[in-house]
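Listed below, chain by chain, are the residues.
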Amino acid sequence: PSHLALAREVMLSSGIARSFDSIIPAFGEQIRQAAVTRPELTKDLNDVLISLDPEMEMQKQSMLDTAARIYARRLSEAELNEIATFFRSPAGKRYVETQPQVLDEMVGAMQTWTQDVSEYVMVRVRAEMLKRGHQLQ
């Protein structure tokens, strides 16, 4: 039990659980979009979706439990304790706080890098193939 509790703490304090927060509301939005051709349903549909919030929270908690079990399987209690200590620290809290912005910047940088490397590889392959008597377009 303490191992699993620690795994849950690490999972929650690391910020990974944030990714679950947007999934269920997205389902509700998909349902609203599907019903856009039936405007007479809007009020009742919104009421139903709101009434389902407690059930949806239970669904999210179920996924959090699953994620905690995965952490507990992969990391020892001692490792989880060290990780939890980091996430409780000012540096750990700052890491979690800046993670969304860092990831956004990294995605942008990777897109640029991927394009640049793709072009670089093609230029190099063409040059090497030309040395062997083959012209690539």
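Look up: the structure comes first, before these words.
Report follows, based on the coordinates. Just so you know, these numbers come straight off a predicted model, no measurement behind them.

Bringing helix H5 (residues 53–74) into the picture now. In this model, H5 (22 residues) spans 32 Å end to end at C-alpha, consistent with the 32 Å of a helix rising 1.5 Å per residue. All of the buried residues along H5 are Lys60, Leu64, Ala67, Ala68, Tyr71 and Ala72. All buried residues of H5 fall inside an arc of 140° around its axis, so they share one side. Away from its buried face by more than 90 degrees, H5 exposes Met58, Gln59 and Arg73. Check the buried side of H5 and you find it contacts helix H1 (2–13), helix H2 (18–21), helix H3 (23–34) and helix H6 (77–88).

Moving on: the pattern of salt bridges. Inspection of every chain in the model, using the stated rule, returns ten salt bridges. Glu40 is paired through a salt bridge with Arg38; the nearest N and O atoms lie 2.8 Å apart. On the basis of relative accessibility, which here comes to 52%, the residue Glu40 falls in the exposed class. The exposure class of Arg38 is partly exposed, given its relative accessible area of 42%. Between Glu57 and Lys60 there is a salt bridge, with its nearest N and O atoms 3.7 Å apart. With a gap of three residues between them, Glu57 and Lys60 both fall in helix H5, about one helical turn apart.

This next bit is on the layout of surface pockets. Approximately 330 Å³ is the volume found for the largest pocket. Going through the elements one at a time, H2, H3, helix H4 (42–51) and H5 are the ones with two or more residues in the lining of the largest pocket. Tallying contributions element by element places H3 first for the lining of the largest pocket, with six residues. Here the residues of the lining of the largest pocket sort into nine nonpolar, one polar and five charged.

Analysis parameters
All residue numbers refer to position in the chain's written sequence, counted from 1. In view of the model being predicted, local features appear only for residues whose pLDDT reaches at least 70, and side-chain atom pairs are presented and counted only at 80 or more, with totals across whole chains, interfaces and linings using the full set of residues. To obtain the side-chain values, all non-hydrogen atoms of the structure were used and water was disregarded. Under the DSSP-based scheme used, a helix requires at least four consecutive residues in state H or I and a strand at least two consecutive residues in state E, with every element numbered from the N terminus. The span you would expect from a helix comes to 1.5 Å times its residue count less one. Between buried and exposed lies partly exposed: a residue is buried under 20% and exposed over 50% of the maximum accessible area for its type, with that area taken using a 1.4 Å probe on protein chains only. It is the directions from the helix axis to the C-beta atoms that the arc portrays. Every residue pair with non-hydrogen atoms within 4.5 Å of one another is taken to be in contact. Note on definitions: salt bridges are taken to be side-chain nitrogens of Lys or Arg within 4 Å of carboxyl oxygens of Asp or Glu. Computed over the protein atoms alone on a 1 Å grid, cavities are sets of points where a 1.4 Å probe fits but cannot get out and pockets are open sets with protein on both sides within 12 Å along at least five of seven lines; a residue lines them when it has an atom within 4 Å of a point. Grid points are joined across faces, edges and corners, and a volume is the space filled by probe spheres set on the points. Only Asp, Glu, Lys and Arg are considered charged, only Ala, Val, Leu, Ile, Met, Phe, Trp, Tyr, Cys and Pro nonpolar, and every remaining residue, Gly among them, polar.

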